[in-house]
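Each chain is listed here by its residues.
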Amino acid sequence: MMHLPIRPRRNRKSANIRELICETSISPKHLIYPVFIHEGDDNQPISSLPGCTRWSIPGLVEEAKRLVDLGIRTIDLFPAIPDSKKTPDAIEALNPEGLVPRAIYALKDAVPDLTIMTDVALDPYNSDGHDGLVEFRADGTMEILNDDTVEILCQQALCHADAGADIISPSDMMDGRVAAIRATLDSEALDDVSIMAYTAKYASALYGPFRGALESAPKSGDKKTYQMDPANIREAMREAQLDEAEGADILMVKPASIYLDVIAAMRNHVTLPIAAYHVSGEYLMIKSAAASGWLNEKATVLETLTSIRRAGADMILTYYAPQAAEWLNELR
Ligand code: PBG
C-alpha cells in the first residue's frame, strides 16, 4: 500500500459525499428561454434549430404556461418579421401594434408570473439584415451608423417597455446605447424596467441557426465593425466597465461555452450579475452530435450548463431551457 495520507478520492466515495462537496448548482430558475414568434397563426418547427418552434402568439401563450410549470420564469422574445415589413429604416421596430408588443400584452394577460425580456436591435426589421442602420457609400463601402441607430434603439426599447417588458436586452453592440436607453426609459417614468446588456457579444460563427430561424442574416458585409473579435478578452472588460457605468443591471457574454474564460474574467471584474448566452450554434452542435447516437444529450447539456455556471454566470439563456428544466426536475 502507498503511504498516502492525502487522498482526494475520499471526497468522491459516495453520492452523498459528492453532493456535500458539490461547488456548482444549476436549476431551472437560472435558465432563460429565447423564443421565436411570427405573425401567422400556426406553430412552425424551425429547421435550423430542431426542437425549437416559431410560435404564433396564442401558441406561445400556451407554451409559456408549460414553461412556468417547469420552473422557467423568464423568456426572451425574438420576432420573425415578414420580408414585406423589412425596410432600410427598420421602422416596424417601433410599431406599438407590432408583433413584440402584441406578444407582451397577450403573455402579461395570461401568464402574469412570467418575466419578459425583449431583444433590442434592428436586424429582424432591417432589410439590410444588420443590427444598425446601414449607410452605403458611393465607393461601394458601407458603414453601420452608431449614433443614428442608438436613437432608434431608444424608441424601440420604449415601445417594448410601454407594452410591459420587464427587461430590455440590447444585442446591437452600438456604443453608448445602454446609457441612452436608460435615460429614455427614465424620462418616461419607466425607471423600473431593467437593462440586460449584451456586453461582450463576439462576431461568432455560431449564430447561423438563429439567423436561419429569423431569416435575418446580413445581406452584405459582416458584423465585425460592431461585434467583438473572438481573439480579445481585455476588450470585453472595457465593455463591461462601460456598461456598468452606463447603468446596465445585468451584463452578458455571448456565446457561452467556448468563452468561459471571458465569463470568469468578467465575474472577477465587476459586481453586476452576469448572464451567458448559449447560442443557436452551441445548441445545434449538441443536438446534431446527440442525433448520431454517440453522445448522451442529457449528460452533455447538463455538463455544459454546469460549466457555464462554474465559470461564473448567474443565469444562462439557452434553447435547451425547457428540456434541461425537465431533466433537472427529474433529478430532484
Ligand atoms: C441579433 C442577435 C443575434 C443573436 C441574438 N441577437 C444574431 C446576430 O448577432 O447575428 C444570436 C443568438 C443565437 O445565435 O442564438 N441582434
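Scroll up for the structure.
Residues numbered from 1 in each chain as written. Predicted model: local features only at pLDDT ≥ 70, side-chain atom pairs only at ≥ 80, totals over all residues. Heavy atoms only, no water.

A. Summary view of helix α8 (residues 260-269). For α8, every residue scored as buried is listed here: Val262, Ile263 and Met266. Taken around the axis of α8, the buried residues stretch over an arc of 100°, which confines them to a single face. Where α8 is buried, its residues touch β9 (194-201), α7 (234-246), β10 (250-254), β11 (274-278) and α10 (297-311). (Buried < 20%, exposed > 50% of the residue type's maximum accessible area, 1.4 Å probe, protein only. Helix = DSSP H or I, 4+ residues; strand = E, 2+ residues; numbered from the N terminus. Arc of directions from axis to C-beta. Contact = heavy atoms within 4.5 Å.)

B. Summary view of empty space enclosed by the protein. Tallying each qualifying case throughout the model produces three cavities of 30 Å³ or more. What the largest cavity holds in volume is close to 100 Å³. Together, Phe78, Asp119, Asp123, Asp131, Ser171, Lys201, Tyr207, Phe210, Arg211, Lys223, Gln227 and Lys254 line the largest cavity. Looking at the lining of the largest cavity, its residues break down into three nonpolar, two polar and seven charged. Volume-wise, the second largest cavity comes out at about 40 Å³. In terms of residue count, the dominant contributor to the lining of the second largest cavity is helix α3 (residues 99-110) (three residues). (1 Å grid on protein atoms, 1.4 Å probe; cavity = no way out; pocket = protein on both sides within 12 Å on 5 of 7 lines; lining within 4 Å. Points joined across faces, edges and corners; volume = space filled by probe spheres on them. Nonpolar A, V, L, I, M, F, W, Y, C, P; charged D, E, K, R; others polar.)

C. Geometry of the pattern of salt bridges. Applying the stated criterion across every chain, the model contains 18 salt bridges. The partner of arginine 102 in a salt bridge is glutamate 39, with the nearest N and O atoms 2.9 Å apart. With arginine 102 in helix α3 and glutamate 39 in the loop between β1 (31-38) and β2 (44-45), this residue pair connects regions lying 63 residues apart in the sequence. Residue arginine 102 is classed as partly exposed on the basis of its relative accessible area of 33%. (Salt bridge = Lys/Arg side-chain N within 4 Å of Asp/Glu carboxyl O.)

D. Highlighting the nonpolar core. Counting 109 residues, the largest nonpolar core has Leu77, Met196 and Met266 as the members making the most contacts within it. In terms of residue count, the dominant contributor to this core is helix α4 (residues 146-163) (eight residues). Residue contacts for methionine 196: discarding those within four places in its chain leaves Ile32, Met117, Ile167, Ile168, Ser169, Pro170, Ile250, Met252, Ala275, Met315 and Leu317. (Core = buried A, V, L, I, M, F, W, Y, C linked by side-chain atoms within 4.5 Å.)

E. Looking closely at the site of the ligand. Neighbouring residues of the ligand: 18 residues in total, closest Arg211, Lys223, Lys254, Ser280 and Tyr319. Between the ligand and the protein, one listed contact pairs a nitrogen atom with a side-chain N or O atom of aspartate 131 at 3.0 Å. Within the side chain of arginine 211, an N or O atom sits 2.6 Å from an oxygen atom of the ligand. With the chains in place, 100% of the 400 Å² that the ligand exposes on its own is no longer accessible. With respect to the detected pockets, the ligand is housed in the largest cavity. (Near = heavy atom within 4 Å. Polar contact = N/O pair within 3.5 Å; in protein donor to acceptor, adjacent residues only side chain to side chain. Areas by Shrake-Rupley, 256 points an atom, 1.4 Å probe, with all protein chains shown as cover. Sits in = over half its atoms within 2 Å of the grid points.)

What is shown is where atoms sit, not what they do.
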